[in-house]
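# Tertiary structure, described
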Amino acid sequence: SVGRRAMSSGVRPSNGRPERRGREKCADLFSWFLLLFTLVVVVPGLTMILASHGGWGLQFAPMEGTTVEELRAFRQERQEAATPKANAEEEEAASSSKKREEEAAAPSRYAGDGTLPRFYGTEPVLLGEEHCAAFRERAGERGRAGAAGLFNTGTNLLWKLLRRNCVVPKECTSRESPRFALDSTVLGELSQKRCVPFLTQVPWGKHNPVAWRGTHFAPMHRGVDVDTVLPVVMVKDPLSWIKSMCRMSYAAKFRHGHAQCCPSPLARTQTEVTFRKERGFKKYESLVHLWMEWNRDYLNFTGPRLVVRYEDLLWRTRETTDRVCRCVGGTLASSSKGDDPADFDLVSDGAKGGAGHANADTTRSSALAKYENETRRYDLLTDLDLKFLRNAIDPDVLDAFRYEITEKQRRRALFGAEDRATDNQCLPDRVAFLRSMGLKPSPHKGGAAVPVDDESDGVLAMGVFYSNPKKKTSTFANYQQKHRPHR
């Protein structure tokens, strides 16, 4: 049939031989291609794979001029190069942690200062020192520091440390006067014109947002030039701060749940803050959001400001006070007396005082014991609370203050193991909780809280005055109503 088709088409039949030769040539070309592919791609690839898994597994005789030790060293280098990157990162993290612990053990160069707890880093954190020179040049001898910060952040401790230890130009009251450190003397200086008065707070109110600067003035501060005041903003570890707010919330109102378990759960602490009655209240999603938004506004403030951690003022008191004092153009009083730590006033008594403050009995020693305890730092908080906190706070803000907060640290502090899944559960005991504040359930009045001491006028606890029902009048309650803290 092939021949007939070829003859009909005018082509000579070839019995199919040219077609076979073409197929043979194609097969030969494909074989050469496979051989070339094997030599160029497959063999080098297998060699690399086997080498990355520790070599070929065969004992080769050493080449001429190469010792067995050199070959072993070469193989060890290859194995180390193939070690997973995660192991290297773990070793680096462990080394870095060990280095931080060693640095934390190093004492401060300021005599009399202590060592920060390891979870607060190794050195004080003061943000904004690079603007101190420009502030001094602009404000001149009238430059003063003004305390600012949320409630329970140590603003009273700051201004008392500066008042007693920082010497600034044109002071109004002689330091030799026995009334120099009294609150009444400090407030009385605000009305003097022949000198530069000391400031206990920024003119717009220490607890008020920085956006109020220049538009609102605290009582007796209307005549103060805001451009001559350096805001020294106090910030506190959010884990400690939210528990302080549970004890005394001041102008903030939030859902406590059971007071003995406060602040958990954090996600339910919706907060309203009345900075000033005439301006109404401001809502925050939670206590954590209040901490975040208020402090972030000061961090983003474009003018001169100095941000100081409460923990640095507590452990590295002399160094932190000195750096704040120098920023506004002052010097430590103890420096003129031979730099003796004994001449530095640590404000060992309670920094808070007067009506409106619930924990005026907190001393320096009790604060040190409270805040160096990492177990107490994480107590009453669950892993869910920490996740909520870290989602609410900008990580850059936590990094700026060097506040490290993790679930692993919490488990290690509470349970002694990072991988332990057990969570702490708060089991309220109302009677024990009331007695811890000097109160007891009343057998009458539906079990309301009344003072344990039947002879007392009442007890101030968590910002509420619990009067003694056995006494008709309460002198302290009347005093509390007349002398509310100014803001």
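Our subject in this report is the structure included herewith. (Residues numbered from 1 in each chain as written. Predicted model: local features only at pLDDT ≥ 70, side-chain atom pairs only at ≥ 80, totals over all residues. Heavy atoms only, no water.)

Now for the overall build of the protein. Of the regular secondary structure elements, the protein holds 18 helices and 13 strands. Contacts in the protein between residues far apart in sequence, at least 24 positions, make up 64% of those at least 6 positions apart. (Helix = DSSP H or I, 4+ residues; strand = E, 2+ residues; numbered from the N terminus. Contact = heavy atoms within 4.5 Å.)

Ordered in space as S5-S6-S7, the three strands form an open sheet in which the pairing is antiparallel. Both edges of this open sheet fall to strand S5 (252–254) and strand S7 (282–284), since each of them pairs with a single strand only. Strand-to-strand twist in this sheet, taken as the mean axis angle between neighbours without regard to direction, amounts to 20 degrees. (Pairing = 2+ DSSP bridges. Axes fitted to C-alpha atoms, helices over the stretch in contact; angles between N-to-C directions.)

Further remarks concern the pattern of salt bridges. Close approach of charged atoms lets side chains of opposite charge pair. Per the counting criterion, the structure on display carries 19 salt bridges. Residue aspartate 383 is joined to arginine 411 by a salt bridge in which the shortest nitrogen-to-oxygen separation is 2.5 Å. Of this pair, aspartate 383 sits in helix H14 (residues 383–392) while arginine 411 sits in helix H16 (residues 407–415); the two residues are 28 residues apart in sequence, bridging distant segments of the chain. Among the residues examined, arginine 411 registers a relative accessible area of 22% and is labelled partly exposed. Taken together, the shared-partner salt bridges in this structure form one network comprising Glu123, Glu129, Arg316, Glu319 and Arg323. (Salt bridge = Lys/Arg side-chain N within 4 Å of Asp/Glu carboxyl O. Buried < 20%, exposed > 50% of the residue type's maximum accessible area, 1.4 Å probe, protein only.)

Let us look at unusual backbone geometry. Glycine aside, a negative phi is what most residues show, and trans is what most peptide bonds show. The peptide bond linking cysteine 262 to proline 263 adopts the cis configuration, its omega dihedral lying at 20 degrees. Looking at the element boundaries, proline 263 is found in the loop between S5 and strand S6 (271–273). Following serine 264, the chain continues into proline 265 via a peptide bond in cis, with omega recorded as 0 degrees. Of note, methionine 220 is a non-glycine position whose phi angle comes to about 75 degrees, a positive value. Along the polypeptide, methionine 220 turns up in the loop between helix H7 (183–188) and strand S4 (229–235). Look at arginine 402: it is not a glycine, yet its phi comes out positive at around 60 degrees. Mapped onto the elements of the fold, arginine 402 is located in the loop between helix H15 (395–401) and H16.

Moving on, we get to the packing of H14 against H16. Axis separation between H14 and H16 bottoms out at 10 Å; the angle between their running directions is 145 degrees. Note that H14 runs across H16; the crossing there is right-handed. On H16, the residues touching Asp383, Leu386, Lys387 and Arg390 of H14 are Glu407, Arg410 and Arg411. Partitioning the contact of H14 with H16 into residue classes produces one nonpolar, no polar and six charged. (Left-handed = near helix turned anticlockwise from the far one by under 90°. Nonpolar A, V, L, I, M, F, W, Y, C, P; charged D, E, K, R; others polar.)

The subject of this paragraph is empty space enclosed by the protein. In this approach the atoms are scanned with a rolling probe the size of a water molecule, which exposes any empty space left behind. In total, this model carries three cavities of 30 Å³ or more according to the counting rule given. Reported here for the second largest cavity is a volume of approximately 90 Å³. Around the second largest cavity sit Arg144, Ala145, Leu162, Cys166, Val168, Glu171, Phe198, Leu199 and Val328, which together line it. A per-class count over the lining of the second largest cavity returns seven nonpolar, no polar and two charged. (1 Å grid on protein atoms, 1.4 Å probe; cavity = no way out; pocket = protein on both sides within 12 Å on 5 of 7 lines; lining within 4 Å. Points joined across faces, edges and corners; volume = space filled by probe spheres on them.)

The next point concerns the sheet that holds strand S1 (residues 126–127). Strand order in the open sheet formed by four strands is S1-S8-S4-S2, and the pairing between neighbours is mixed. Pairing within the sheet leaves two strands with one partner each, and these edge strands are S1 and strand S2 (144–149). With two bridges joining them, S1 and strand S8 (residues 306–309) adopt antiparallel strand pairing. Within the sheet, the bridge partner assigned to leucine 126 lies in S8 and is valine 308.

Attention now goes to helix H9 (residues 287–299). Count 3.6 residues to each turn of an α-helix, and residues three or four apart come out pointing the same way. In this model H9 runs 18 Å from its N-terminal to its C-terminal C-alpha over 13 residues, within 8% of the 18 Å that 1.5 Å per residue would give. The buried count for H9 comes to ten of 13 residues, which makes it a mostly enclosed element. Among all positions of H9, only Leu287, Val288, His289, Leu290, Trp291, Met292, Trp294, Asn295, Tyr298 and Leu299 are buried. One side-chain oxygen of the residue at the start of H9 lies 3.3 Å from the amide nitrogen of valine 288, identifying that residue as serine 286. (Expected span 1.5 Å × (residues − 1). Polar contact = N/O pair within 3.5 Å; in protein donor to acceptor, adjacent residues only side chain to side chain.)

The description of two aromatic rings rests on the distance between their centres and on the angle between their planes. Scanning the model with the defined rule gives ten aromatic pairs in all. With 6.0 Å between their ring centres and 75 degrees between their planes, tyrosine 120 and tyrosine 403 make a pair best called edge-to-face. Remark: tyrosine 403 occurs in the loop between H15 and H16 and tyrosine 120 occurs in the loop between helix H4 (85–104) and S1; sequence separation between them is 283 residues. Residues tryptophan 212 and phenylalanine 275 carry aromatic rings whose centres are separated by 6.1 Å and whose planes lie at 75 degrees to one another, so their mutual orientation is edge-to-face. (Phe/Tyr/Trp six-rings, centres within 6.5 Å; stacked < 30°, edge-to-face > 60°.)

Bringing the state of the cysteines into the picture now. This model, assessed by the stated rule, comprises four disulfides. Between the sulfur atoms of cysteine 246 and its disulfide mate cysteine 262 the distance is 1.9 Å. Taking the torsion about the sulfur-sulfur bond, which here is approximately -70 degrees, the covalent link between cysteine 246 and cysteine 262 counts as left-handed. Note that cysteine 246 is positioned in helix H8 (residues 238–247) and cysteine 262 in the loop between S5 and S6, a separation of 16 residues in sequence. Here cysteine 246 and cysteine 262 have matching classes, each one buried. (Disulfide = S-S within 2.5 Å.)

Let us look at the nonpolar core. Across soluble globular proteins, you tend to see nonpolar side chains buried next to one another. Within the largest apolar cluster, 88 residues are counted, with the highest numbers of intra-cluster contacts made by Trp241, Trp291, Tyr298, Ile393 and Phe401. With eight residues, H9 is the single largest residue contributor to this core. Once residues lying within four places of it in the same chain are set aside, the contact partners of phenylalanine 401 are Val125, Leu127, Val235, Trp291, Leu299, Val307 and Arg309. (Core = buried A, V, L, I, M, F, W, Y, C linked by side-chain atoms within 4.5 Å.)

Turning to the side chain of serine 442, a few remarks are in order. Relative to the helices and strands, serine 442 is located in the loop between strand S10 (439–441) and strand S11 (449–451). Contacts of serine 442, omitting those with residues within four sequence positions, involve Gly447, Ala448 and Val450.

Turning to the pairing of S4, a few remarks are in order. The buried fraction of S4 is high, at seven of seven residues. Burial of the side chains of S4 extends over both faces: Val229, Pro231, Val233 and Val235 are buried on one face and Leu230, Val232 and Met234 on the other. With six bridges connecting them, S2 and S4 associate as parallel partners. The residue bridging alanine 145 from the neighbouring strand is leucine 230, located in S4. One ladder, built from four bridges, connects S4 with S8; its direction is parallel. Among the inter-strand pairings, valine 232 is bridged to a residue of S8, identified as leucine 306.

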